[in-house]
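Here is what each chain is made of, one letter per residue.
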Amino acid sequence: MTTVIKNGTIVTADMTYEGDVKIAHGKIVEIGRHLEGEEVLDATGCYVMPGGIDPHTHLEMPFMGTYSSDDFESGTRAALAGGTTMVVDFCLPSPNQSLLEALAMWDNKTGKASCDFSFHMAVTWWGEQVWKEMAEVVDRGITSFKHFMAYKGALMVDDDEMFSSFQRCAELGALPLVHAENGDVVAQMTQKLLDAGNNGPEAHAYSRPPEVEGEATNRAIMIADMAGVPLYVVHTSCEQAHEAIRRARAKGMRVYGEPLIQHLVLDETEYFNTDWDYAARRVMSPPFRNKQHQDSLWAGLQSGSLQVVATDHCAFTTQQKRFGVDNFAKIPNGTGGLEDRLPVLWTKGVNTGRLTMNEFVAVTSTNIAKILNLYPRKGAIVLGADADIVVWDPKRSKTIKADSQQSVIDYNVFEGIEVTGLPRFVLSRGKVSIVENEVRTEVGHGKFVAREPRNPVNRALSQWKEISAPRKVERSGIPATGV
Ligand code: URP
Ligand code: ZN
Ligand code: ZN
Ligand code: ZN
């Protein structure tokens, strides 16, 4: 069957133009005027854009004594409902667990996916086995490795381990990712706050101030530079971290920063709400920051020093959040956002003039497709690309409400925000999965997308590092030693 998206305006990261898009066998086969097909989707008044790619999700993830509540079924359904057509989830081996064994566990969760997906592999411990298995993981199409500099005693790795892993990434042409917070400092600050009787959710924010994130970001950048590898910093939430990334990029280093939609629009005052549940539902790491930090993140997206807007979707119910009722350090860290990322960013970004439509496509889809070597199969409207497409109606609006969301949790951190700009149609490899409020997702339609290592930036950087590597100076007439 052929499908044609007619009468819309195509918006990509670099162009805006009138055109119809024809789809067959899940791919874009023609772009032009007056195209015909068996199924016609009317895009009059709409923008036809590459579907969103969310490179940061935690679906059904074991964490802090529980599992995040959205799995690959509800998570990918939420993604599609909000115009996101691909997610990249984190495979987290337990300490001493084989990476391949963890991958088998994660593979088992994904049969329910209704949009395409990929994985990042986390390096949560270090040893010869991890070093070896990283090559096998890359062979299986997983070419990015996440390192937690926080969560001491659980997922955290130290500098020595990180440097070893980053060097291995350089050899394999893979991309290291970091959760940048100084885990040692956070652990001590947490204990001090608890000792002083500060056990509420607001103390979560006090335990991990922006300095802690800025320091870790600088450290990770330095280690990546020493290892000769690009670096991707997840959930960049503050000026200190952004400043480190900005400065590194200005020096020619290949560093990327990923603000979350939550950090762009929600601020630290959320933690001072007198309703414990309200505040605890917003506990995530890094925590929400003040308005100056938000302005910095928006400026980063505008100037290009930050490249990607993600969600870090890691959804816990109120019941799960209550594990930490006496102790903020036991509140499962994480918030949702998969369904809301595009509408909220459009409303707060494009509708305010902070972002152009093309920049919107770049930061929600195209840039990450390039960084993860998925481009132009994903993140593009070009011949041969997967037909992962959102037909965006800039006039449709709604008020975000938990009781009409796809996520299974019982609240939404964006509750009450009115968004203008919503999908009319969402296609996953050509399958019409969303028609306005109607969900037509197909469980199992989503497929794993393997990625190739050594993308152009990796190759360029390793070439440069090779040329500028230390060279022994050959000398004649060396004085005799020991005489
Ligand atoms: O609080 C968060 N961000 N939870 C998910 C795990 C992580 O650190 O990304
Ligand atoms: Zn993190
Ligand atoms: Zn995360
Ligand atoms: Zn299908």
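Analysis parameters
- Residues numbered from 1 in each chain as written.
- Chains lettered and ligands numbered in written order.
- Predicted model: local features only at pLDDT ≥ 70, side-chain atom pairs only at ≥ 80, totals over all residues.
- Heavy atoms only, no water.
- Donors = N, O, S within 2.8 Å, 3.2 Å for Na, K, Ca; no water.
- Buried < 20%, exposed > 50% of the residue type's maximum accessible area, 1.4 Å probe, protein only.
- Pairing = 2+ DSSP bridges.
- Helix = DSSP H or I, 4+ residues; strand = E, 2+ residues; numbered from the N terminus.
- Axes fitted to C-alpha atoms, helices over the stretch in contact; angles between N-to-C directions.
- Tetrahedral: all angles 85-135°; square planar, octahedral: opposite > 155°, others 65-115°.
- Expected span 1.5 Å × (residues − 1).
- Bend = angle between axes of the 7 residues up to and from the residue.
- Near = heavy atom within 4 Å.
- Polar contact = N/O pair within 3.5 Å; in protein donor to acceptor, adjacent residues only side chain to side chain.
- Areas by Shrake-Rupley, 256 points an atom, 1.4 Å probe, with all protein chains shown as cover.
- Nonpolar A, V, L, I, M, F, W, Y, C, P; charged D, E, K, R; others polar.
- Contact = heavy atoms within 4.5 Å.
- Phe/Tyr/Trp six-rings, centres within 6.5 Å; stacked < 30°, edge-to-face > 60°.
- Lys NZ or Arg CZ within 6 Å of the ring centre and 35° of its normal.

A look at the coordination of the zinc ion (ligand 4)
Part 1 of the reasoning: Donor atoms from the polypeptide that bind the zinc ion (ligand 4) are E442 (OE) and H445 (ND1), placed at 2.2 to 2.8 Å.
Part 2 of the reasoning: Classification of E442 as partly exposed rests on a relative accessible area of 38%.

Observations concerning the sheet that holds strand β12 (residues 116–122)
Through backbone hydrogen bonds, the strands of a sheet pair up, either in parallel or in antiparallel fashion.
Part 1 of the reasoning: Taking strand neighbours across the sheet as the criterion, the seven strands line up as β8-β11-β12-β13-β14-β15-β16 in an open arrangement whose pairing is parallel. Two strands in the sheet have a free side with no partner beyond their single neighbour: β8 (52–57) and β16 (255–257). For this sheet, the mean inter-axis angle between neighbouring strands, taken without regard to orientation, is 25°.
Part 2 of the reasoning: Pairing of strand β14 (residues 175–179) with strand β15 (residues 231–233), which is carried by two bridges, proceeds in the parallel orientation. Bridge pairing links L177 to Y232 in β15.

Digging into the coordination of the zinc ion (ligand 3)
Part 1 of the reasoning: The protein atoms that coordinate the zinc ion (ligand 3) are H56 (NE2), H58 (NE2) and D312 (OD), at distances of 2.0 to 2.2 Å.
Part 2 of the reasoning: Each of the four donor atoms bound to the zinc ion (ligand 3) contributes to angles spanning 83 to 135°, and the resulting shape is irregular.
Part 3 of the reasoning: If you list the donors of the zinc ion (ligand 3) from N- to C-terminus, the spacing comes out as H-x1-H-x253-D.
Part 4 of the reasoning: A gap of 3.7 Å separates the zinc ion (ligand 3) and the zinc ion (ligand 2).
Part 5 of the reasoning: Judged by its relative accessible area of 1%, H56 is buried.
Part 6 of the reasoning: H58 gets classed as buried once you look at its relative accessible area, which sits at 5%.

Considerations on helix α14 (residues 357–371)
Part 1 of the reasoning: Here α14 contains 15 residues, and its C-alpha end-to-end distance of 20 Å stays within 8% of the 21 Å for a straight helix at 1.5 Å per residue.
Part 2 of the reasoning: Of all the bends in α14, the greatest measures close to 55° and is centred on V363.
Part 3 of the reasoning: In terms of residue burial, α14 counts as a mostly covered element, since eleven of its 15 residues are buried.
Part 4 of the reasoning: Here α14 has its buried residues at M357, F360, V361, A362, V363, T364, S365, T366, I368, A369 and I371.
Part 5 of the reasoning: Positive phi appears at N373, one or two residues downstream of α14, with a value of about 60°.

Re the site of ligand 1
Part 1 of the reasoning: All residues in the neighbourhood of ligand 1 are listed as H56, H58, F148, Y151, H179, H235, M284, S285, D312, C314, N333 and G334.
Part 2 of the reasoning: Contact between ligand 1 and Y151: an oxygen atom at 2.6 Å from a side-chain N or O atom of the residue.
Part 3 of the reasoning: Here ligand 1 has 270 Å² of accessible area as a free molecule, and 100% of this is covered by the chains.
Part 4 of the reasoning: Partitioning the shell around ligand 1 into residue classes produces four nonpolar, seven polar and one charged.

What to know about unusual backbone geometry
Part 1 of the reasoning: Here the amide bond leading from S285 into P286 is cis, since omega sits at -10°, within 30 degrees of zero.
Part 2 of the reasoning: The omega angle of the peptide bond from Y375 to P376 is 0°, so this bond is cis rather than trans.
Part 3 of the reasoning: Of note, P376 is situated in the loop between α14 and β17 (389–399).
Part 4 of the reasoning: Even without being glycine, N7 reaches a positive phi, approximately 70°.
Part 5 of the reasoning: Taking relative accessible area as the criterion, N7 reaches 45% and is therefore assigned partly exposed.
Part 6 of the reasoning: You will see that H25, though not glycine, has its phi angle at about 50°, which is positive.
Part 7 of the reasoning: Within the secondary structure, H25 is located in the loop between β4 (20–24) and β5 (27–32).
Part 8 of the reasoning: On the accessibility criterion, H25 (80% relative accessible area) is exposed.

Some thoughts on the pairing of strand β11 (residues 84–91)
Part 1 of the reasoning: The buried count for β11 comes to eight of eight residues, which makes it a mostly enclosed element.
Part 2 of the reasoning: Bridge count between β8 and β11: four bridges; the pairing is parallel. Bridging across to β11, G52 finds its partner in T84.
Part 3 of the reasoning: In terms of strand pairing, β11 meets β12 through six bridges, oriented parallel.

Some words on the sheet that holds strand β20 (residues 438–439)
Part 1 of the reasoning: Overall, mixed pairing links the seven strands, which are arranged β3-β2-β7-β17-β18-β19-β20 in an open sheet. The open sheet has two edge strands with one neighbour each: β3 (16–18) and β20.
Part 2 of the reasoning: Across four bridges, the pairing between strand β7 (residues 47–50) and β17 is antiparallel. Looking across to β17, one finds that Y47 is bridged to W392.
Part 3 of the reasoning: Sitting on the sheet, α14 touches β2 (9–11), β3 and β7, and the angle it makes with β7 is about 30°.

Examining the packing of aromatic side chains
Part 1 of the reasoning: With the rule as written, the count across this model stands at twelve aromatic pairs.
Part 2 of the reasoning: Measuring from ring centre to ring centre gives 6.2 Å for F117 and F448, while their planes differ by 55°; the resulting arrangement is tilted. In this pair, F117 sits in strand β12 while F448 sits in the loop between β20 and α15 (456–467), placing the two residues 331 residues apart along the sequence.
Part 3 of the reasoning: Given a relative accessible area of 3%, F117 falls into the buried group.
Part 4 of the reasoning: Ring geometry for F119 and F448: centres 6.0 Å apart, planes at 35°, overall tilted. Within this pair, whereas F119 is found in strand β12, its partner F448 is found in the loop between β20 and α15, the two being separated by 329 residues in sequence.
Part 5 of the reasoning: On the basis of relative accessibility, which here comes to 0%, the residue F119 falls in the buried class.
Part 6 of the reasoning: The cationic tip of R282 hangs over the ring face of Y278; the distance from NZ or CZ to the ring centre is 3.6 Å.

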